Every structure is written in C-alpha cells, then in structure tokens.
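Structural overview
Here is how the chains run, residue by residue.
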Amino acid sequence: MTFETPHIRVQDLNLYYGANHALKNISIDIPDKKVTSFIGPSGCGKTTLLKTFNRLHDSSLEVKVEGKVLLDGEDIYAKGVDVTAIRKKMGLLSQRPFPLPMSIYDNIAYGPRIHGERDRHKLDHLVEQYLKDVALWDEVKDRLKAPASRLSIGQQQRLCLARGLAVEPEIILGDEPTSALDPVSTQKIEELFLQLKEKYTIVLVTHILRQARRVSDYCAFVYMGEIVEFAPTEQLLLDPKEKLTKDYVRGFLS
Amino acid sequence: MNIRILKDKIAGRTMLVLTLVSILLAVLVAWGLFYRSLPLLENYSLTDLLTSSAWKPEKGEFGFLGFIMGTLWVTAIAIILALPLCLLVSIYLSEYAHPRLRKLIVPVVDLLSGIPPVLFGVWGVLFIIPLIQDHIAPSFVDNSAGYSVLAGGIVLAIMIFPLLITLFLEVFSTVPRDMLNASLSLGATPWQTVKKVLLKKAMPGMIASTVLAISRAFGETIAVLMVCGGNVPGIPHSVFDSGYPLPVLIANNFGETFSVPLYDSALLFAALLLFVIIFIFNAVSRIILARVKRKIE
C-alpha cells in the first residue's frame, strides 16, 4: 500500500544489531495526519523500526542502518543532516514515562528552552496550553513547581506527551505508550491520540490488537523483522490477506 | 520449629552481630585515640592546640594548625585538579566514546587504582618535582625546591583519578537511557542532555563519589610524604611552599621520639584530628546530599 504524499516513506531499510539482522528490507509509507499502528509479537522489530524514524539508534554505535527514511521527501540518514532538527519534528512517547529530573513546569518548558525560547510569559503560556492539550492542567495547575516524579504514572505519561508537543512536532511516535498504565490512564491516552491526529501524524507501536483497532487508521503487521502486511486497520484485523497475519490476529502466533 | 525458618533466624542474628561489631570498631578506634590524647588535652587548651602553628615537642610546644592547613591545602588542590578532569573524562567515556574505546580504557583506569601509592610517590619525585621546580614555580615565585603542597596535590589528584572515574561511570550508568533519549528526542544536543539531564539526575551519586574520593585523599600518606617536603612544620602560604599534612606527621614520627614528654599523646591527637575532620566532612556532605536528593525528586 502506498500513498501519494506520505509523511514518512521508508525505502529498503535494513538494520543490524552487530550480526543480528533486525530489520529486513522494510518499505512502508506512513500517511499524513493519520494514526498508523505497528503490531506484532515481542522482539519482532516494531520498536526498532519506530526508533529509526528519529535516529535514536545513533547513540548505540553497534547499530548499522542501510536504506532510506524520507521525511517529507528528505532522507534523514543522508550525510550532513541535522539530527536534532529531525528529532524536534517528532515527539516520542516511550513504554514507561520518563519525566526529566525537574519540575512539572520545567519539563514542559524544557523543549522550548533548548530551542532558544527565553521569554518568561511565553513559556508560562506554552506550559498552560500544552498541559491543557493533554487534559492535565486542572490536575497540576497548583503545583507546577513540584517535581514531575511525584505525579502518578498515568499523569507522567500525559506530561511526557505534553512535553513532546511543546517542541511543535509534526509527528508523534508512541512506543507502546500505555503498556505501563492502568485502564483509565490508557483510555485517556487513546482519547488524546484520536484528538491529536487532526494536527499530527501518529505512529503507534502496540501489542494490544484492540488498541490498534480503537485508535489507528492503518495497521502494519511486523514479524521477524519484516512487514508482513500493511492495510487499513479494519481490513488487516478482520480480513487479513496473509496467512501469518491471520494466525497472529487470531492468537495462534506469538 | 521448621528447620529453614531456624536457619533464617540464625543467619539474621549472625549478620546483626557482625554489623554491630563493625560499628563498634569505629567507636573503639575513636575512643582509643581520644583516651591516648587525654594527657595532651589535660595540659593544653584545645584552642591553643588548634590555633597555634608552633611545633617544638622538645620544648613542649604543640601547635597543630600547620598540619591541619597542610592537610586541607593538599586535599583541596587534589580535588580542584581531579574533579573537573574526571568529570569530563567520565562524560566522554559514558556518552561520547565508541564502545570499543570504552572497553579499552576502563580496564586501564581500573589498573591505575591498583598501583601502590609508593609508586605514585616515586613518580612524583621523578617527574612532578622537577616540573614544578624548573617550569611552573619560576613564573610565580623566586625560589622553590619543588617539594610543595602543589606537588602533593598533583600526585594525590592522579591517585584519586581512577577512583573518581570508576565511581562517576557507575553513577552515570544508573541514569535510565530512556530518560536521556527523552531529552534527545526533544531535539536537545548530547551536550545539552548531559548538562541538563545526566548531571542533574546523577548529582547525588556524584556528590557521594566525590566525598569518598576526598575522604581517601585526606588519609593518603606515603605518596604525599614523598613529595610534600614536610620536614619543617608550618602553615603553607602558597602552593609552592612545603606542607606537612597530618598523616605525614604521624608516619614520620610515630614510635621514634617517645622519650619526649607528651609526644606520643600529641601524635595520637593528630590521628584523632584526622578522624574528626573526616567524620565532620562526611556528616556535612550527607546533609548536603539529602538536600540535593529532596530537591530533584
């Protein structure tokens, strides 16, 4: 399945962890302002694939990446690319929330500050706006100076989402962002994704098929480092074409 | 009673006793030093002992200020030199260096910490002393033999290098990689991430590591003895003056001059002073550590 103007286009991507060939000939188009989910069993490579989008593998030097990842048509693995500029375009939500070791306020202001925003009033305004965007403002407005680690884990994950939004990304990458959360917090995050897809392209790694179905428009099944099938979510989950996909969504494969 | 529950109880009690014994040892050492210092303390006021720098045991003059200052100077120089360098080396190894390079360097650093202090002393005499005498000192003072608190500080700094680097690396490795990734994925550069996240998160551990290194520096004797030129007691007035730290005082004189009245008591008082300095230093840094921890958590 291809799109005319995908937000991210992956072309013949191969990734090696030392001798381990972790991603094999991946080609996929991630559509603009839609939610695309990657499903598949643990260790299939879905998170690895996600991390190639913002070059988070750069810090682990045993990793070798071949092929292209085009962001709005530009290869992010080309020579001389400003990695920080690419990462700024993508907000990452990890499996467990990792608030930075500072106050709630400073967590949100962190991104704008490192990109040069110094105006106190503007920062105040940004913090309020993004905390409202993730429905956290009412819960924390009286303790913005408190350490972010004092929030509940569900609140922390929403804080991390707000922190990511504060650098005005175009894309949100979610790496099983609800796997550490209780059902209520999970529901809040899922609702946020549905609202946010009007403004952002969202890529979601999940191992919960129902979550993929609730949230995503398109779904890719990843298995043993390969994309087995990529289709609109309903079609992939209810009427898969490939046998492997069929086995997985019916629970025979894990 | 069930045998495995009995075993558990015995193990628990035994470990409790051993723990108490190890604490008791520290108390015993302090008490022993205090007891043996009593003859000196009965004859002199504590203020005089601590504020005078006149040291003529045969005339009955015991002023410890020179030795205290010697200890503080040497330790301060060592830590001022070692801390920034070790910090940068550790950050490089932890965040920037290629894993292969890291695997090569870390064992070498560990090896350094296994070198006996006397070798550092010899090395100091052969390299640091001439370096100070011929190249560094002439630009600042007219006349220096090289044997100085600066030499002591440099040698001591190099001795605590491996300890500090190993501890810093250990502390850095406890900062979750995903927390650093969170900062990077917001578009922060690695250096911004180091400054604002890594160092902040690692601060309590770094303070604890530094305290450990300083405590070790306070007590280091042999290498310092060889390069500090401590034969004439007195307060050092510049880094090029010779110094006479407390451990050196004890090591140089213990067991030799006990015919002089109160001399042995004075040396044990020196040991007690060292003990108290390290104790106070540790206590203060624990308070600071608790504050820092509360602040970032």
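Provided above is the structure to which this section pertains.
A short tour of the structure in this document, coming up. Throughout this description, residue numbers start from 1 for each chain and increase along the sequence as written. Naming scheme: in the order in which they are written, chains are lettered from A and ligands are numbered from 1. Reporting in this predicted model follows two pLDDT cut-offs: at least 70 for local features of residues, and 80 or more for side-chain atom pairs to be given and counted; totals over whole chains, interfaces and linings ignore these cut-offs and use all residues. Working from all heavy atoms in the structure, the side-chain values ignore hydrogens and water.

Once that is clear, we can look at the overall build of chain B. Secondary structure summary: chain B contains 11 helices and 2 strands in total. Runs of E in the DSSP output that reach at least two residues are strands. Runs of H or I that reach at least four are helices, and both are numbered from the N terminus. Starting at the N terminus and ending at the C terminus, chain B contains elements arranged as α-α-β-β-α-α-α-α-α-α-α-α-α. Working note: accessible area of chain B is about 15700 Å², and carbon and sulfur atoms make up 69% of it. The positive count covers Lys and Arg only, the negative count covers Asp and Glu only, and His and the chain ends enter neither. Lys charges are placed at NZ, Arg charges at CZ, Asp charges at CG and Glu charges at CD. Across chain B, the centroid of the 21 positively charged side chains sits 18 Å from that of the 16 negatively charged ones. We get accessible surface area from the Shrake-Rupley algorithm with a probe of 1.4 Å; when it comes to residues, only the shown protein chains can shield them.

So, about the interface of chain B and chain A. What makes two residues a contact is simply this: any of their non-hydrogen atoms within 4.5 Å. With 24 residues of chain B in contact, the opposing surface of chain A contributes 24 residues. In this description, buried area is defined as the sum, over both parts, of the accessible area (probe of 1.4 Å) that is lost when the two are combined. Taking both partners together, chain B and chain A bury about 2100 Å²; carbon and sulfur atoms supply 64% of that area. A side-chain nitrogen of Lys or Arg and a carboxyl oxygen of Asp or Glu constitute a salt bridge if their distance falls within 4 Å. Taken together, the links from chain B to chain A amount to 0 salt bridges. Pairs of N or O atoms within 3.5 Å make up the polar contacts considered here, provided that, within protein, one atom can donate a hydrogen while the other can accept it, and that residues adjacent in sequence are counted only when both atoms are side-chain atoms. Counting the contacts that link chain B with chain A gives 3 residue pairs in polar contact (both at pLDDT 80 or more). The element contributing the most residues to the side of chain B that touches chain A is helix α7 (residues 177–185) of chain B, with 7 residues. The class makeup of the residues in the side of chain B that touches chain A is 10 nonpolar, 8 polar and 6 charged. Polar here means any residue other than Ala, Val, Leu, Ile, Met, Phe, Trp, Tyr, Cys and Pro, which are nonpolar, and Asp, Glu, Lys and Arg, which are charged; Gly is therefore polar.

For the rest of this paragraph, the subject is the sheet that holds strand β1 (residues 8–17) of chain A. Residue and element names in this part refer to chain A. An order of β2-β1-β4-β5 is seen for the 4 strands of this open sheet, with the pairing classed as antiparallel. Among the strands making up the open sheet, the edge pair consists of β2 (20–30) and β5 (74–75). Should DSSP find at least two bridges between two strands, the strands are regarded as paired. Where β1 lies against strand β4 (residues 63–71), 8 bridges are found, and the strand directions are antiparallel. Bridge pairing in β4 links Gln-11 to Lys-68.

This part takes up the side chain of A:Gln156. All names here are of chain A. By the secondary structure assignment, Gln-156 is in helix α6 (residues 153–165). Relative accessible area serves as the criterion here: at 11%, Gln-156 is assigned to the buried category. Those residues in contact with Gln-156, other than ones at most four positions away along the chain, are Pro-97, Pro-99, Ala-148, Ser-149 and Leu-151. Only protein chains enter the accessibility calculation, which uses a 1.4 Å probe. A residue is then buried if its area is under 20% of the maximum for its type, exposed if over 50%, and partly exposed in between.

Right, let's talk about the environment of B:Tyr92 for a bit. Residue and element names in this part refer to chain B. Tracing the backbone shows Tyr-92 in helix α3 (residues 65–96). The spacing of Tyr-92 and Leu-169 is 77 residues in sequence and 9.9 Å in space, taken between C-alpha atoms. Excluding residues that lie within four positions of it along the chain, Tyr-92 makes contacts with Ala-97 and Leu-101.

Either a parallel or an antiparallel arrangement is found when strands of a sheet pair, and the pairing is made through backbone hydrogen bonds. Residues and elements named next belong to chain A. Read across the open sheet, the 6 strands follow the order β6-β7-β8-β3-β9-β10; overall the sheet is mixed. In the strand order of this sheet, the two ends are held by β6 (90–93) and β10 (226–232), each with one partner. Across the sheet, the axes of successive neighbouring strands diverge by a mean angle of 15 degrees, strand direction being ignored. Sheet topology note: the strand β3 (residues 35–39)/strand β9 (residues 218–223) ladder contains 4 bridges and is parallel. Within β9, the position partnered with Ile-39 by the bridge is Phe-221. Axis definition: a line fitted to C-alpha atoms, over the contacting stretch in the case of helices. Angles run 0 to 180 degrees between N-to-C directions. Where helix α7 (residues 183–196) meets the sheet, it contacts β6, β7 (171–175) and β8 (201–205), and its direction lies at approximately 150 degrees from that of β8.

With that settled, the discussion passes to the pattern of salt bridges. Side chains bearing opposite charge may pair, as long as their charged atoms lie close to each other. Residues and elements named next belong to chain A. Taken as a whole and assessed by the stated rule, the structure comprises 17 salt bridges over all chains. Across the pair Arg-158 and Glu-139 runs a salt bridge, and its minimum N-O distance is 3.1 Å. Residue Arg-158 is located in helix α6, and its partner Glu-139 is located in helix α5 (residues 137–140); the two are separated by 19 residues in the primary sequence. Take Arg-158: its relative accessible area is 4%, and that puts it in the buried class.

Here we come to a nonpolar patch on the surface. Patch members must show over 30% relative accessible area and no salt bridge, and they are joined within 9 Å when carrying like charges or within 5 Å when they are nonpolar side chains of Val, Leu, Ile, Met, Phe, Trp or Tyr. Together, B:Leu16, B:Val17, B:Leu20, B:Val21, B:Ile23, B:Leu24, B:Leu25, B:Val27 and B:Leu28 make up a nonpolar patch on the protein surface, roughly 830 Å² of accessible area in all. Tracing the sequence through the fold places B:Val21 in helix α1 (residues 3–43).

The quantities given are spatial measurements derived from coordinates; they are silent on function.
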